[in-house]
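# Remarks on the overall topology
Letter by letter, the chains look like this.
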Amino acid sequence: MLDCGLDMTSTLNFLPLPLVQNPRLSNLPGWSLKDGNAFLDKELKECSGHVFVDSVPEFCLPETELIDLSTVDVILISNYHCMMALPYITEHTGFTGTVYATEPTVQIGRLLMEELVNFIERVPKAQSASLWKNKDTQRLLPSPLKDAVEVSTWRRCYTMQEVNSALSKIQLVGYSQKIELFGAVQVTPLSSGYALGSSNWIIQSHYEKVSYVSGSSLLTTHPQPMDQASLKNSDVLILTGLTQIPTANPDGMVGEFCSNLALTVRNGGNVLVPCYPSGVIYDLLECLYQYIDSAGLSSIPFYFISPVANSSLEFSQIFAEWLCHNKQTKVYLPEPPFPHAELIQTNKLKHYPSIHGDFSNDFRQPCVVFTGHPSLRFGDVVHFMELWGKSSLNTVIFTEPDFSYLEALAPYQPLAMKCIYCPIDTRLNFIQVSKLLKEVQPLHVVCPEQYTQPPPAQSHRVDLMIDCQPPAMSYRRAEVLALPFRRRYEKIEIMPELADSLVPMEIKPGISLATVSAVLHTKDNKHVLQPPPRPAQPTGGKKRKRPSDDIPDCKVLKPLLSGSIPVEQFVQTLEKHGFSDIKVEDTAKGHIVLLQEAETLIQIEEDSTHIICDNDEVLRVRLRDLVLKFLQKF
Amino acid sequence: MDPECSRLLPALCAVLVDPRQPVADDTCLEKLLDWFKTVTEAGPSLLLLQENPCLVELLFRVLKAHDPRPRVLSFSLRLAGLFAAQEDCFQYLQVTPSSSVSQQGELLPMLFGESGPLGGAAWTAPTVRSGWLQGLRSLAQHPGALRFLADCGAVDTIFSLQGDSSLFVASAAGQLLVHILALAMRGPAEGHPSPQGCDWPACAQKIVCHVEDSLRSTATLQVTQALNVLTTTFGHCHSPWTQGLWVRLSPLVACLLEKDPIPASHSLVDLLLSVARSPVGSSDCGLWETLAQTLSHLSPTQAGPLALGILKLQDCPQALKTQAFGVLLQPLACVLKAAAQAPGPPGFPEGATGDSITVDTFLSSKSACVGLLCQALAHLELLQLLPQRPSPWPQAPLLRAAVAILRFCHGSAAPTSDVGGHLCAVLAGCVRVQRAALDFLGTLSQGTGPQELVTQVFAVLLEYLTSPDSSPMVLKKAFQATLRWLLGSPKAPSCCDLDPHTQLFLGELLPVLRKRLCSPCWEARDSGLEFLTQVTRHWGEVPELTGQLLRDPESYVRASAVTATGQLSSWGLYATPTGPEHPEVQQESLFTELLHILSTDSEGFPRRAVMHVFTQWLKDGHADVAEDLEQFVARVLQAASQDLDWEVRAQGLELALVFLEQLLGQPGSRCPYAVALPEAAPPATLAQVLQALCRVQLFEFALRALFDCDRPVAQKSCDLLLFLKAKATPCGGPQEAGASPDVVSVEAALQRWQAGEQGQPLGELEPEAVMAVLRSMDLEGLRGMLAKSSDHMEKSPQSLLQDMLATVGVLGENEADCY
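Residues numbered from 1 in each chain as written. Chains lettered and ligands numbered in written order. Predicted model: local features only at pLDDT ≥ 70, side-chain atom pairs only at ≥ 80, totals over all residues. Heavy atoms only, no water.

What follows deals with the sheet that holds strand β29 (residues 600-605) of chain A. All names here are of chain A. Strand order in the open sheet formed by four strands is β27-β28-β29-β30, with antiparallel pairing between adjacent strands. Edge positions in the sheet fall to β27 (582-586) and β30 (609-613), since each has one partner strand and no second. On average, adjacent strands in this sheet sit at an angle of 15° to one another, irrespective of strand direction. Both strand β28 (residues 590-595) and β29 contribute to a ladder of six bridges, which runs antiparallel. What sits directly across from L594, in β29, is L601. Packed on one face of the sheet, helix α17 (residues 617-629) meets β28, β29 and β30 and runs near 155° to β30. (Pairing = 2+ DSSP bridges. Helix = DSSP H or I, 4+ residues; strand = E, 2+ residues; numbered from the N terminus. Axes fitted to C-alpha atoms, helices over the stretch in contact; angles between N-to-C directions. Contact = heavy atoms within 4.5 Å.)

The following block contains the structure:
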């Protein structure tokens, strides 16, 4: 199984979980059907023309119908965003396999899960809504609830216990490490340049190579750069996790982010940045580190609020080997690789586990707050949205591309604060993909259907799709796809004593052949040729023969022939041996030599020669011997 | 020559030929040559050569050196050429033997002939070949030189040097050929030689035959060389013989056009344009046909420069101009066609509709498409600025095309055609085309355009200014284009104000500009500032105009002008028309002027505006107000107290309150989250404050206002005095109210004021007296009274009862009437 991400957009259908009692949210009117039927009014609330589920938020799990997940042997994780559904898989499906991931992926993935669990568990909500999920009821609901898919499979958030159990099933791997899977294939993680520890995977046998490229970046940000060279010579390249916003250039967006931040703060407003506790935030803090002094923002406090804020900031500094070259060299100076250490030292950046406690004492405005969750449905961000939403001086800047910012804002309407959308997605865009494919030259590219056509809203932008030769094979949800290659060869080892006994014969310069008689031993997808057992000693007894004692019949084999018959020389030889009246006809596959006098026909083809003569065995043998003269035997 | 120089020269020459001495660098040798050039041009040089035999000696020695240094050899060749330019020196150098070198011989043939450096090892150095050519170029000035050239076979060497690996040498060889040709034709053929060339001098004949052979060659390089020689010839020589030359060679040139592909098309274009610009062009009708034919045969990219050249020509047939203009317009016509959603407004003139070849070029590759578009845009931009640009100029379609290109590049176009889709994919994010298109769009601002197009222009400019994806250079160009459109924004004669779209644009431009000034990218901040500077430069006259409007006949305008000048002055942007020589009196004069308006203007609005401005100045700590704060406040309050408009008087109290707060060191409102700034000066003591208030006669103003017939004024004054009283009470000493005689007189005056007799002034007030009066007055009671609205009597229950009773009485009377 390649990755197991969690679709969190389902949470956008739920009401936010406020940290403190919120009269606005708790007094929302219940929603009733057009005919006035109000049986759903406890579950569904109406807010600014939208309908939300008033319940603990639920998540959309990976597809479980198509395949029995207990039969999955291995899960390969490419980055920490792509493992959020792991507890659902490992704890509830009978999964007994192994999960492979790099160390930073596991550590930061743990932080993300821990934050998620914390956000949801600290605001317990008694109510769990299920009536609306009834298929007949769901049809009557307004969009987007009506169009939500697989709602019956939506699940509440896992617990910390489940997280720990799931993470214990992960085996840590390092870049370029080769991991044997049951002798059948070898898998290798490669740096993908997107996040700390993010990987692309190579899955290869001796003769086939499949690359799984997911969430990669060619930009120079904090992680180790992408390893492109190792992707070369792939039979198939599975490509996914491209940028979600192909039209937004990350550099431009960072510029927008900084400008809008400065403008707001200068006007006395506060800036709210809903974000994950790891990833782009490191780059944003680094940009701000360089920018705040020149923009005269040195006195403005930056707050990073997350249950895992401290761990995230500290983890980032210790994963030196997973960082880009520049940051790695800093470690030897020694200096902290990320400049946010200095921001913390100088008290410009302060971090808190939540808004309760120390934060409320230190809180000064105007300020900039980084906090989760980017969906605006849970976490400390809900509090700041309520606190600052009423003033047009304040600004919320969306940098995470995972959620539609308009949908995220829907339950907070009407909103006076300014909203800026600066999605920063450093993953590959289509120009970079076409460069990558030109460089790597896989025989086939396999990708989601969405990448093979322009975005629906911009159907004329044919530059916003994958353009490669041969055209990429696309797949859609729940589609079963046969990868375009066949395993035609297996590697077989020969035991040394058997190899010793071989007598190769050179049939062409550089090419030698030898016949081998051996026993093929296959175990764990490894094939070994062993010397045949010696002929059984006649035991003489009446001992019953067991099937395992069956020794393959070692008949004396006829020699193998190789080479080709040059027709002209063959005809000359025939003439020398007294044959006359010889005619040669060319056929599609070779030649027919006609001995008209002897009423005999010799059919010479690439891989066979037939001598057809009626009841004249002597003649046939003569001719056969003449034919054999031109061939090599071994 | 200066005797001192003559003295030094032998030593220098010795150094130059001495292989052990380091060679002076090139620049020294160049300077030396420059000096010799000035000397030789100043007059006959034979004597100089004779008097300084070291020079000839130098040339001999360099020639005889086993391993001459290339730079010195090159220098010597050029030096010899400089002297040999004069006929007598030429003769002298031809025959003069060396005085000290054992071997004698003719110097010039040794230098430039086959026995010279030509065959030696030094010839491999490009500088020597270049020196050889330059020497000959200087030498070839007289008939003797022509004979010399013929005798030493130099012309053949020059032919071969045309293909030299060094571009400088190759170019010099071509130019030398032209020079020799012109020299040869100067003597006998000043008239009109026959095109066949039977009467041409041998040297000229040889060169022309070589050119003919080259033109017939299949090697593109040779054709290029021949065309370059001809281009230079027609560019520099305007003698009648060039006519004959063209007649002789034009058939060969025409033959080039029949080849596919046309060889050396760039050089061919240069030649044709060079001929067209020369006198030959004006007299040869065949040339126009050739030009027309070339235009149609060349590929769109190659034809562009030719078309531009044709359009720049002063006198050429209209049909050809139309054809050339069509070539330039074709790429844009293609874009327009590709961008069209539906049959739109009329496009370019006939002949400019995007033909299939242009479309093919567009579709062939990204680089071809981008190259062609950039070229077309650059050419049209140049053309737009020329006086002889085609007329009528298709301003509207050009604007539409520029906008369409920019939309394609930005990805905001939504074409329906295949070509459009292709263009979209090719141009999306292409910085090169964006830059060219923005430059072109900026140039188009000089013309007019239909309103809806101007709106589109502003919209697309705004897209580029706003887009985070605009690269720094594109952003800069977008700002430049915006500036040009803002300044050159064509206005319909019927309206003087900005049209609503432009206003809308300006409204959206300001936030963009603010954001760009905060950008973390320094180029963006820089371009934003440049734009701002340009805009403000063009607005330099605005403050002056504003100042003039202070005397506008319309009172509303005067009021607005007061506000504007006040604000400009706060920002240090206001400069009065008195001129820059008295900067110190300007602010004073604006203050005086505004005070004058306050005292004399017959209308209320300007006077109210002045009071607002003064209050703001006081709040902002306007530099000139701060200079003498008390005098400023005193003069303003004095003027305000006599004003008939209650709003002016109320504003005076506002100003008084600001003054009071400043004295007490207490800003009126402070942001609860703001960090407190350090105080500039510690707040004054209460006694000092009161004295200052007395000095500016604030009390008299406030007390007079307390009994103002207009309630809001009285209310404001009451609040002010209460505020002061509250501040003063805790500090005030236990003084008896009636102890001071002043208090009695003050109270008496106040009573008279209350009764309506406000003529009498209070006179000099002592702070103690004032405080005593304040303490004695029932200000709280007065505030209560004033807080009641004027109809409080009517709204009272007593009034209600009376009314009801009165109504009853009326009813009774009516009843009586009914009887």
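After presenting the structure, the write-up continues.
Moving on to the interface of chain B and chain A. Counting from both sides, the interface comprises 19 residues of chain B and, opposite them, 22 residues of chain A. When the two sides are added together, the surface that chain B and chain A hide from each other amounts to roughly 1600 Å², 58% of it contributed by carbon and sulfur. By the criterion of area lost to chain A, the three top residues of chain B are P468, K515 and C518 of chain B, representing 33% of everything that side buries. There are one salt bridge connecting chain B and chain A. Here E256 of chain A and K515 of chain B are joined by a salt bridge, their closest N and O atoms 2.9 Å apart. (Buried area = accessible area lost by both parts, 1.4 Å probe. Salt bridge = Lys/Arg side-chain N within 4 Å of Asp/Glu carboxyl O.)

Here the focus is the nonpolar core. Proteins that are soluble and globular tend to have nonpolar side chains buried together. In this structure, W132 and L215 of chain B are the most contacted members of the largest nonpolar core, which totals 181 residues. Considering each element in turn, this core owes the most residues, twelve residues, to helix α19 (residues 318-339) of chain B. Discounting chain neighbours no more than four positions away, the residues touching L215 of chain B are V223, A226, L227, L230, L249, L252, V253, L256 and K259 of chain B. Core analysis: the second largest hydrophobic core is formed by 105 residues, L19, V117, V265 and V396 of chain A among them. (Core = buried A, V, L, I, M, F, W, Y, C linked by side-chain atoms within 4.5 Å. Buried < 20%, exposed > 50% of the residue type's maximum accessible area, 1.4 Å probe, protein only.)

Attention now moves to the packing of helix α26 (residues 472-488) of chain B against helix α28 (residues 522-538) of chain B. Geometrically, a packed helix pair is captured by the angle between its two axes and the distance between the axes. Residue and element names in this part refer to chain B. It is the contact of α26 with α28, at a shortest axis distance of 9 Å, that shows an interaxial angle of 15°. Taken together, the axes of α26 and α28 lie roughly parallel to each other. Crossing hand, α26 versus α28: right-handed. Across the interface between the two elements, P472, L475, K476, F479, T482, L483, L486 and L487 from α26 touch E523, A524, S527, G528, E530, F531, Q534, V535 and H538 from α28. Counted by class, the contact of α26 with α28 contains nine nonpolar, five polar and three charged residues. (Parallel < 35°, antiparallel > 145°, perpendicular 65-115°, else oblique. Left-handed = near helix turned anticlockwise from the far one by under 90°. Nonpolar A, V, L, I, M, F, W, Y, C, P; charged D, E, K, R; others polar.)

Within a regular strand, side chains alternate between the sheet's two faces. All names here are of chain A. Within strand β9 (residues 185-191), six of the seven residues are buried, leaving the element largely enclosed by the surrounding structure. Of the strand pairs in this sheet, strand β8 (residues 179-181) and β9 are connected by three bridges, and their pairing is antiparallel. Along β9, the bridge assignment pairs I179 with V187. The turn linking β8 back onto β9 is made up of three residues, and F182 within it adopts a positive phi angle of 55°. Relative to strand β10 (residues 199-204), β9 runs antiparallel, the two being bridged by six bridges. Of the residues in β10, the one forming a bridge with P189 is W201.

No statement about biological role is implied by the geometric values presented.
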